Amino acid sequence: MKAIGFNHYGSAQELQMIDLPVPQPGDHQVVVKLKATSINPIDWKTRQGYLQKMFAWEFPIVVGWDAAGIITEVGQHVTAWQVGDEVLARPATTPRGTYAEYTLVDQDLLARKPQNISFDQAAALPLAGLTAWQALFEAGKLTAGQKVLIQAGAGGVGSYAIQFAKVCGAEVWTTASQRHADLLKSLGADQVIDYHQPAELARLKDFDLVFDTLGGHNQLMAFDWLTSGGKLISIAGEAEQSAKRAVQKQIEFKSIWLRPDGQQLQKIVQLMSTGVVKSQIGKVLPFSLSNLIAAHELSETKHTTGKIVISFN
């Protein structure tokens, strides 16, 4: 099969087309023929070498951890899934990711794709959607009536988080550039704060929960926007001084890492199937080396709107 991976850490130019054998399923796995995948920051952070201490993998490494496609083979102990099923998943984190024509998925990480959702829409969801869900509801314990700030609402994770928070009945604020204000309000944001404007940032206060997707200085500023006893949940790591500031401010601070979960993904898919939640897709590119390089370089700017989807059609 054709896959796109790399043999050295570095820039997007390290990506190359490689030939790999079609994977064979373990007893509790299925093989999925990819119809679409999508780009996430973990993809290019891995390629740049930032995660090599966490993942001591041998080259070649194929990244990509969003899968939408059709099952072509099932392991001998798989009972809930069969050949021909249309599925989506956030597969386990391995060096054989979804920038490939076929990928392996553990059976418990699969969700069933509804007929009214395209493969492109499905592929945009798993990693970003699960990240937003777990940050808001598992770590953040968000409930109806609470006031939540979602940083960088126009991004892949942020756009899902806005919708989830609105569905649960929260008062939803988000930061974004002014050009995204109408889009984010259509997703459910009650207030869109232009982060370029100091006067706008001064309005940020009294939040029960801040969902930090940016890290660094933005994470440290967020402590001042929370009520005493509020929660700051980050997916961007722990900024220096955050732990100390959390104690000083009496804030609950957590830096979390995504946990793949098929049952949780199926709950989100149900919201999509009824139209309550939608994937925000900024760009769809056919699977090719030049397009993967371009997609990585675009994602690295951190100024994308929604998800970048790679189609195998």
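In the block above lies the structure referred to throughout.
Keep in mind the model is a prediction, meaning the values are calculated, not measured.

1. Description of the packing of aromatic side chains
Stage number 1. Considering all chains together, one arrives at 12 aromatic pairs under this definition.
Stage number 2. Ring geometry for Trp133 against Phe164: centres 5.2 Å apart, planes inclined by 75 degrees, an arrangement best described as edge-to-face. Linking Trp133 in helix 3 (residues 126-139) with Phe164 in helix 4 (residues 156-167), this pair joins segments that are 31 residues apart in sequence.
Stage number 3. Their ring planes at 25 degrees and their centres at 4.5 Å tell us that Phe287 and Phe312 sit as a pair that is stacked. On the criterion of sequence distance, the pair formed by Phe287 in the loop between strand 14 (281-286) and helix 10 (289-300) and Phe312 in the segment after strand 15 (307-311) is long-range, its members being 25 residues apart.

2. Examining the side chain of Gln219
Stage number 1. Along the chain, Gln219 falls in helix 7 (residues 216-222).
Stage number 2. Using a relative accessible area of 0% as the deciding quantity, one classes Gln219 as buried.
Stage number 3. A distance of 2.7 Å separates a polar atom in the side chain of Gln219 from the backbone oxygen of Gly237.
Stage number 4. Beyond its immediate stretch of four places on either side in the chain, Gln219 contacts Asp212, Leu232, Ser234, Gly237, Glu238, Ala239, Ser242 and Phe253.

3. Some remarks on the packing of helix 3 against helix 4
Stage number 1. One way to put it is that helix 3 packs onto helix 4 with a least axis distance of 8 Å and a crossing angle of 50 degrees. By the criterion of interaxial angle, the relationship of helix 3 to helix 4 is oblique. Both helix 3 and helix 4 take part in a crossing whose hand is right-handed. In this structure, helix 3 uses Ala128, Gly129, Thr131, Ala132, Trp133, Leu136 and Phe137 to contact helix 4, whose residues at the interface are Gly156, Val157, Tyr160, Ala161, Phe164 and Ala165.
Stage number 2. Partitioning the contact of helix 3 with helix 4 into residue classes produces 10 nonpolar, 3 polar and no charged.

4. Some remarks on the pairing of strand 14
Stage number 1. Sheet topology places strand 14 next to strand 15; 5 bridges connect them, and they run parallel. Bridged to Ile281 within strand 15 is Lys307.
Stage number 2. Viewed along the sheet, the connection from strand 14 through helix 10 into strand 15 turns out right-handed.

Calculation criteria
Residues numbered from 1 in each chain as written. Predicted model: local features only at pLDDT ≥ 70, side-chain atom pairs only at ≥ 80, totals over all residues. Heavy atoms only, no water. Phe/Tyr/Trp six-rings, centres within 6.5 Å; stacked < 30°, edge-to-face > 60°. Helix = DSSP H or I, 4+ residues; strand = E, 2+ residues; numbered from the N terminus. Buried < 20%, exposed > 50% of the residue type's maximum accessible area, 1.4 Å probe, protein only. Polar contact = N/O pair within 3.5 Å; in protein donor to acceptor, adjacent residues only side chain to side chain. Contact = heavy atoms within 4.5 Å. Axes fitted to C-alpha atoms, helices over the stretch in contact; angles between N-to-C directions. Parallel < 35°, antiparallel > 145°, perpendicular 65-115°, else oblique. Left-handed = near helix turned anticlockwise from the far one by under 90°. Nonpolar A, V, L, I, M, F, W, Y, C, P; charged D, E, K, R; others polar. Pairing = 2+ DSSP bridges. Right-handed = clockwise from strand over helix to strand, strands pointing away.

Function cannot be inferred from these measures alone, as they are strictly geometric.
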